[in-house]
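Chain by chain, the residues run as shown.
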Amino acid sequence: QVQLVESGGGLVQAGGSLRLSCVASGRTFSSYGMGWFRQAPGKEREFVAAISWNSGTTYYADSVKGRFTVSRDNAKTTVYLQMNSLKPEDTAVYYCAARYYGGSYSSPGEYQHWGQGTQVTVSS
């Protein structure tokens with residue numbers, strides 16, 4: 001079992017930056033792959049970025065590639081999402097998720113644990 005607590009959301013102007021954090025507690029954080037997803041009102045939850053537990057390999061949605069960076073600090077049991085060059089279409093509730101096992105990193109159904117979400121609003 002793992003618990004996830006997100007922070008760092010807020011209001012930012014287009015072109016600005018924001019860094020989200022997700023602190024995990026529970027068993028063996030380093031053995032979990034971690035993902036970030038987002039959901040805007042009336043839209044489906046979509047994949048943003050992920051990082052594997054073993055090699056640290058990262059994965060990104062095409063819409064954020066080159067602007068967002070996912071990283072993890074296993075000693076602090078924390079995963080980060082650095083968001084640069086933010087656009088209004090990035091506005092959503094952002095969720096971190098953990099997987100002990102799974103298939104595609106981009107599929108929400110492949111994650112076993114989810115945080116509460118944090119609101120990111122990008123104004124034009």
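Now for a quick tour of the structure. (Residues numbered from 1 in each chain as written. Predicted model: local features only at pLDDT ≥ 70, side-chain atom pairs only at ≥ 80, totals over all residues. Heavy atoms only, no water.)

## A closer look at the packing of aromatic side chains
The geometry of two aromatic rings is summed up by the distance between their centres and the angle between their planes.
So, point 1. Applying the stated criterion across every chain yields a total of six aromatic pairs.
So, point 2. Centre to centre, the rings of Tyr59 and Tyr105 are 4.7 Å apart; their planes meet at 20 degrees, and the pair counts as stacked. Placement of Tyr59 in strand S6 (residues 58-60) and of Tyr105 in the loop between strand S9 (92-99) and strand S10 (113-114) is noted, with a sequence separation of 46 residues between them.
So, point 3. Assessed through its relative accessible area of 31%, Tyr59 is described here as partly exposed.
So, point 4. For Tyr105, a relative accessible area of 16% gives the class buried.
So, point 5. Ring pairs connect the aromatic residues Phe37, Phe47, Tyr111 and Trp114, which therefore count as one cluster.
So, point 6. In this arrangement the basic side chain of Arg45 is found over the ring face of Trp114, its NZ or CZ atom lying 4.8 Å from the centre. (Phe/Tyr/Trp six-rings, centres within 6.5 Å; stacked < 30°, edge-to-face > 60°. Helix = DSSP H or I, 4+ residues; strand = E, 2+ residues; numbered from the N terminus. Buried < 20%, exposed > 50% of the residue type's maximum accessible area, 1.4 Å probe, protein only. Lys NZ or Arg CZ within 6 Å of the ring centre and 35° of its normal.)

## Section: the state of the cysteines
Two cysteines form a disulfide when their sulfur atoms are joined by a covalent bond.
So, point 1. Overall, the coordinates contain one disulfide when judged by the stated rule.
So, point 2. Here Cys22 connects covalently by a disulfide to Cys96, the sulfurs 2.0 Å from one another. Looking along the S-S bond of the Cys22-Cys96 disulfide, the torsion reads about 50 degrees, which is the right-handed sense. Of this pair, Cys22 sits in strand S3 (residues 18-26) while Cys96 sits in strand S9, and the two are 74 residues apart along the sequence. Both residues of the pair, Cys22 and Cys96, belong to the buried class. (Disulfide = S-S within 2.5 Å.)

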